[in-house]
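Understanding the architecture of this molecule
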Amino acid sequence: MANEQSALQPLFSRPSPHLLNQQFEGNTFFITRDTADKAPEGPPFQFSRLVCDYDFISGHARHFPVLLKNGKRLQKDAEQTLFAALGEKPQTDQPVANLAAAARNYLTKLRIKNPDEPQAASLIWLHALAIGYSPAYLSENADGIRRDWPRIPLPADRKVLEASAALGEKIAALLDSETDVPGVTSGKIGAVFKTIALVTKTGGGAIDPSGDDLAVTAGWGHHGKAGVVMPAKGKTNQRPFDPAEMRAIEQEGGAAAKEARRLLGDKTLDIYLNDAAYWRNIPLGVWGYSIGGYQVIKKWLSYRELPILGRALTPEQVRQVTNMARRIAAIVLLQPKLDENYQQVKGAAYAWADEK
């Protein structure tokens, strides 16, 4: 039976044991694609501790492990693959940085002595994540990003690289839905996030999680050709921010509050599960946010429509949408810093022409 199943495997989309072997404790994956096939695409990058679905981002998710394990990949017959030898001979199963010789030389010139140490190994990848979430970078390089692998400038200064990687680390934390982010999804939640995506009963009162109140029946998704799940219009209510929501934004203070209003949008939305319940206050800038070609919250909802999921949402899943909206809001509010970081890197980029 095993041989019969093996013979039926398709030519493409096969499992990759070599890639799955790199999913070990402490490792992460930088994920992107070669060309875009949807617009708007948003940032064409993800960062995950897990090997994700091939269509996790549109254009097919290509995984780049931050660390690589030694072993079989160090054999000569594997040297032309992604998991090619980085040393002269196999020694241990100690993970090493997934960096080409030119990248290692770059780090050496910045006086980063041990690129195989996990924190150093992640610097370039986290920096790439920070640049990739900058709206200015995405706008200025739109044609090239759409047609090919995104090109990321590297800074010529170590402190700039480390500061950029620190921003990338914040983005990575916000993308990791399995881990809480203090101030955004846990702990003392910031005022601007506290009012976002509150689960609310239509007409007031308490939601009954044991009944139909948490069933998604507002028309967010349906089965298309060959059973493919297709997103649909759903039910929304666009409105101005109410006084409490506006006060929460104003607590950002002065220029920061004005910037927050610009980034989040001039209106907000109530997003309905059904006629009985909705998530109150998902700002336009959050609701419309796309990553890897998918409008994040709307895409999530399309797979949770009752006929597709086969049941109502659990309270934990309802809270997941709340946290998702707050994570996206935090990314949106980081955009000025991400743009400033990109401009600083672009203004003093490392000269790769000097590499030989």
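As the structure is a prediction and not an experimental result, all values here were calculated from the model.

Looking now at the sheet that holds strand 1 (residues 29-32). Pairing within the open sheet is antiparallel, and its three strands lie in the order 2-1-3. Taken across any chain shown, the strands that pair with only one partner, and hence form the sheet edges, are strand 2 (46-48) and strand 3 (62-65). The mean inter-strand angle of the sheet, taken between neighbouring strand axes irrespective of direction, is 25 degrees. For strand 1 and strand 2, the ladder comprises three bridges, and the chain directions are antiparallel. Opposite Ile 31, over in strand 2, you have Gln 46 as the bridge partner. Lying on the sheet, helix 5 (residues 123-132) is in contact with strand 1, strand 2 and strand 3; it crosses strand 2 at an angle near 140 degrees.

Tallied over the entire structure, the rule returns 17 salt bridges. In this structure, Arg 319 engages Glu 316 in a salt bridge whose closest nitrogen and oxygen atoms are separated by 3.4 Å. With Arg 319 and Glu 316 both in helix 15 (residues 315-347) and three residues apart, the pair spans about one turn of that helix. Assessed through its relative accessible area of 45%, Arg 319 is described here as partly exposed. Residues joined in a network through salt bridges with shared partners are Arg 239, Asp 242, Glu 245, Asp 270 and Arg 280.

Take the sheet that holds strand 11 (residues 277-283) next. Within the open sheet, the four strands sit side by side as 6-11-10-9. Their pairing is antiparallel. Unpaired on one side and paired on the other, strand 6 (198-201) and strand 9 (236-239) mark the two borders of the sheet. With strand direction ignored, the average angle separating the axes of adjacent strands in the sheet is 25 degrees. With four bridges connecting them, strand 6 and strand 11 associate as antiparallel partners. Of the residues in strand 11, the one forming a bridge with Val 199 is Trp 279.

On to the layout of surface pockets. In this structure, the second largest pocket occupies an estimated 660 Å³ of space. What lines the second largest pocket is a set of 20 residues, among which Phe 30, Phe 64, Ile 124, Trp 125 and Pro 150 lie closest to the centre. Mapped onto the lining of the second largest pocket, the elements with two or more residues apiece are strand 1, helix 3 (101-109) and helix 5. Among the elements that line the lining of the second largest pocket, the one with the most residues is helix 5, at three residues. Across the lining of the second largest pocket, the residue classes tally to 17 nonpolar, two polar and one charged.

Next up on the list: helix 5. Here helix 5 lies mainly inside the structure; 10 of its 10 residues are buried. Buried within helix 5 we find Leu 123, Ile 124, Trp 125, Leu 126, His 127, Ala 128, Leu 129, Ala 130, Ile 131 and Gly 132.

It is the contact of helix 5 with helix 15, at a shortest axis distance of 8 Å, that shows an interaxial angle of 115 degrees. By the angle between their directions, the pair helix 5 and helix 15 is classed as roughly perpendicular. Contact residues: His 127, Ala 130 and Ile 131 in helix 5; Leu 338, Asn 341, Tyr 342 and Val 345 in helix 15. Looking at side-chain class alone, the contact of helix 5 with helix 15 contains five nonpolar, two polar and no charged residues.

Ranked by size, the top nonpolar core spans 75 residues in total, and within it Phe 47, Leu 129, Tyr 133, Trp 279, Ile 282 and Ile 297 carry the most contacts. Of all the elements, helix 15 adds the most residues to this core, at 11 residues. Not counting residues within four places of it along the chain, the set of residues in contact with Ile 297 comprises Ile 282, Val 286, Trp 287, Val 321, Met 324, Ala 325 and Ile 328. Counting eight residues, the second-largest nonpolar core is a separate cluster that includes Ile 145, Val 160, Tyr 342 and Val 345.

Attention now moves to the confidence of the model for the protein. The predicted coordinates ought not to be read in detail in places where the model reports low pLDDT. The share of residues in the protein with pLDDT of 70 or more is 88%, and the mean pLDDT across the chain is 89. Low pLDDT, under 50, characterises residues 71-81; the stretch is placed with 20 contacts to residues that sit more than four places away or in other chains.

Here we take up helix 10 (residues 243-250). Of all the residues in helix 10, the buried ones are Glu 245, Ala 248 and Ile 249. The buried residues of helix 10 occupy one face: seen down the axis, they fall within an arc of 100 degrees. With respect to the buried face of helix 10, the exposed residues turned more than 90 degrees away are Pro 243 and Arg 247. A distance of 3.1 Å separates the backbone nitrogen of Ala 244 from a side-chain oxygen at the start of helix 10, and that oxygen is part of Asp 242.

Reading the values: rules and limits
- Along every chain, residues carry numbers that run from 1 in the direction the sequence is written.
- Per-residue local features are limited, in this predicted model, to residues with pLDDT of at least 70; the limit for side-chain atom pairs, both in listing and counting, is 80 or more; totals at the level of whole chains, interfaces and linings are taken over all residues.
- As a convention, hydrogens and water are excluded, and side-chain values are obtained from all of the structure's heavy atoms.
- For two strands to count as paired, DSSP must find a minimum of two bridges between them.
- By the criteria applied, helices consist of DSSP H or I runs no shorter than four residues and strands consist of E runs no shorter than two, each listed in order from the N terminus.
- Here an angle of 0 to 180 degrees is reported between the N-to-C directions of two axes, which are lines fitted to C-alpha atoms, with helices fitted over the stretch in contact.
- We call two residues contacting when some pair of their heavy atoms lies within 4.5 Å.
- Salt bridge, as applied in this entry: a Lys or Arg side-chain nitrogen positioned within 4 Å of an Asp or Glu carboxyl oxygen.
- Burial classes: relative accessible area under 20% of the type maximum marks a residue as buried, over 50% as exposed, and values in between as partly exposed (1.4 Å probe, protein chains only).
- Put plainly, a pocket is an open set of points on a 1 Å grid over the protein atoms alone with protein on both sides within 12 Å along at least five of seven lines, a cavity is a set where a 1.4 Å probe fits but cannot get out, and a lining residue has an atom within 4 Å of a point.
- Grid points are joined across faces, edges and corners, and a volume is the space filled by probe spheres set on the points.
- Ten residue types, Ala, Val, Leu, Ile, Met, Phe, Trp, Tyr, Cys and Pro, are classed as nonpolar, four, Asp, Glu, Lys and Arg, as charged, and the remainder, Gly among them, as polar.
- Note on angle classes: values under 35 degrees are labelled roughly parallel, values over 145 roughly antiparallel, values of 65 to 115 roughly perpendicular, and the remainder oblique.
- What we call a nonpolar core is a set of buried Ala, Val, Leu, Ile, Met, Phe, Trp, Tyr and Cys residues that are connected through their side-chain atoms within 4.5 Å.
- By definition, pLDDT measures how confident the predictor is in each residue, and it falls between 0 and 100.
- Arc definition: directions from the helix axis to the C-beta atoms.
- We define a polar contact as two N or O atoms separated by no more than 3.5 Å, with the added condition that, inside protein, one atom must be a possible hydrogen donor and the other a possible acceptor, whereas residues neighbouring each other in sequence contribute only through side-chain atom pairs.

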